[in-house]
Amino acid sequence: MTTRVAEYQIAIATSTVPSANTDDTVRLKVYNSGGERIENFNLDNPNRDDRERGRTDTFTFLPTRRYRTNDIEYFYLQIYGNDAWLPSAITIKTVNMQGNVDVQWSRLQWDPQHWLSTDRSDANGNAVPVYKLNKSLSRDRDDDSPPTSAFDPNHSEYEYD
Ligand SMILES: [Ca+2]
Ligand SMILES: [Ca+2]
């Protein structure tokens, strides 16, 4: 039983390897079980140089409509540009109306092959413009062990806008 989403708290770390940083736009998109995109967050702190090497950036968003945590089915993490980016970890939390964390999704062991770029030849041909984070694989309300297969680099659904 989950409750209405009152806030998202997102933390994303950038790898320390050379060129892991990016100045390109990155968005986190939230989808419901019907495949409808219900949020499209621009991961940008206005007064901060986000996604520098070895840094963790945090973002807070309010939902743009009314729904419950259970309505959330999956996420896309998408880059808009060819300044390749290599994350090292991501955590997404939903907060309820009482101010408590409702559910936390996280991937704390990022595959170092999984660069994001619109130029697929980046990272020796391993780069993709978008990753899918499946709720069913990554949800860890009571489990501290990091999921290992939360992101699907082979999915074919892209949305550009
Ligand atoms: Ca910024
Ligand atoms: Ca880069």
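To be clear, the structure that these remarks concern was listed above.
Now for a quick tour of the structure. (Residues numbered from 1 in each chain as written. Chains lettered and ligands numbered in written order. Predicted model: local features only at pLDDT ≥ 70, side-chain atom pairs only at ≥ 80, totals over all residues. Heavy atoms only, no water.)

## Things to note about the overall build of the protein
Move 1: From N to C terminus, the protein includes 2 helices and 9 strands.
Move 2: For the protein, the N- to C-terminal ordering of α and β elements is β-β-β-β-β-β-β-α-β-α-β.
Move 3: When contacts within the protein are restricted to residue pairs at least 6 apart in sequence, those whose partners lie at least 24 apart make up 70%.
Move 4: Counting every atom, the protein has about 8,000 Å² of accessible surface; 41% of that belongs to carbon and sulfur. (Helix = DSSP H or I, 4+ residues; strand = E, 2+ residues; numbered from the N terminus. Contact = heavy atoms within 4.5 Å. Areas by Shrake-Rupley, 256 points an atom, 1.4 Å probe, with all protein chains shown as cover.)

## Details of the coordination of the calcium ion (ligand 2)
Tetrahedral coordination by four donors places them ideally at 109.5 degrees to one another around the metal; octahedral coordination by six donors ideally gives 90 or 180 degrees.
Move 1: For the calcium ion (ligand 2), the full set of protein donor atoms is Ser19 (O), Asn21 (O), Asp83 (OD) and Ala84 (O), and the range of their distances to it is 2.3 to 2.5 Å.
Move 2: For the calcium ion (ligand 2), all donor residues lie on one chain, and their spacing in sequence is S-x1-N-x61-D-A.
Move 3: A residue is classified by how much of its surface remains accessible, and serine 19, at 51% relative accessible area, is exposed. (Donors = N, O, S within 2.8 Å, 3.2 Å for Na, K, Ca; no water. Buried < 20%, exposed > 50% of the residue type's maximum accessible area, 1.4 Å probe, protein only.)

The analysis is restricted to geometry; functional conclusions fall outside its scope.
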